[in-house]
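# Fold and contact review
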Amino acid sequence: SLHSLFFEAYTLRSSAFQDSNIGMKRGQINEREMFKQFPQFLEQRGQLQVLWKSCIGMVSWKERAVLATSVDGICVLKASDGIFPALLEIKTRTSPKEKERLRLIQNKFLSFSILSRDFNVIPAANRQQLLHHAAVFDIEHLLFVESTPGRVNHICLIQFPEKLRASYRHVLESTLRR
């Protein structure tokens, strides 16, 4: 059954699973530190002030509880043109290939819409996750923090327009109705 497959995957004692588990634990430890560091990085490079931040866990969409997601945090940002909420997703990169990619955008603050070509700077493996977060929370902005152990590499402030968030939720709801 699906249930047994899911739980068997977590009880395997293969070296690949153990390596993955160790990597996840390192990421969790680093992400706690990045949660502390990202406000200073934003202020210095993005001219954004973090007025408030909080870690957050699993949240479901207010209109349909089966649509759920888990983000690393939520914050309130102050920019020159106003104050707005933003979700926070933090990733720790440790492989040599990932670190090489990060060198190209080291110490940068980038701001763009999901609809722009700049969105391609986000690894393909993370793009749908970020859209899913924005759609479930129904929040327009998301901070994507990529880090290496001990330091923030770069931060992207990504805008997810309302129409896109609503369309994504509609597709998910239609799929659930089948």
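Scroll up to find the structure.
Since we're looking at a predicted model, the values are computed, not measured.

In this section: the pairing of strand β8 (residues 151-159). Taken across its nine residues, β8 has seven buried, putting it largely inside the fold. Across six bridges, strand β6 (residues 108-113) lies against β8 in parallel orientation. Across the sheet, residue Phe-109 finds its bridge partner in β8, namely Ile-155. Here strand β7 (residues 141-148) runs beside β8; their pairing, made up of eight bridges, is antiparallel. Counterpart to Glu-146 in the pairing with β8 is His-154. Where β7 folds back on β8, the antiparallel hairpin that results is connected by two residues, among which Gly-150 adopts a positive phi of roughly 95°.

Scanning the model with the defined rule gives 10 salt bridges in all. Here Glu-100 makes a salt bridge to Arg-103, at a shortest N to O gap of 2.4 Å. Of this pair, Glu-100 and Arg-103 both sit in helix α3 (residues 96-103), three residues apart, which is roughly one turn of the helix. On the basis of relative accessibility, which here comes to 45%, the residue Glu-100 falls in the partly exposed class. Via salt bridges that share partners, Arg-93, Glu-98, Arg-101 and Glu-146 belong to a single interconnected network.

Reading the values: rules and limits
Within any chain, residue numbers begin from 1 and follow the written order of that chain's sequence. Where totals are concerned, whole chains, interfaces and linings use all residues; where local detail is concerned, this predicted model gives features only for residues with pLDDT of at least 70, and gives and counts side-chain atom pairs only at 80 or more. To get the side-chain values, take all heavy atoms of the structure and skip hydrogens and water. Relative accessible area decides the class of each residue, using a 1.4 Å probe on protein chains only: under 20% of the type maximum gives buried, over 50% gives exposed, and in between gives partly exposed. Counting from the N terminus, the helices are DSSP H or I runs at least four residues long and the strands are E runs at least two residues long. Whether two strands pair depends on DSSP finding at least two bridges between them. Within this document, salt bridges are pairs made up of a side-chain nitrogen of Lys or Arg and a carboxyl oxygen of Asp or Glu, the two lying within 4 Å of each other.

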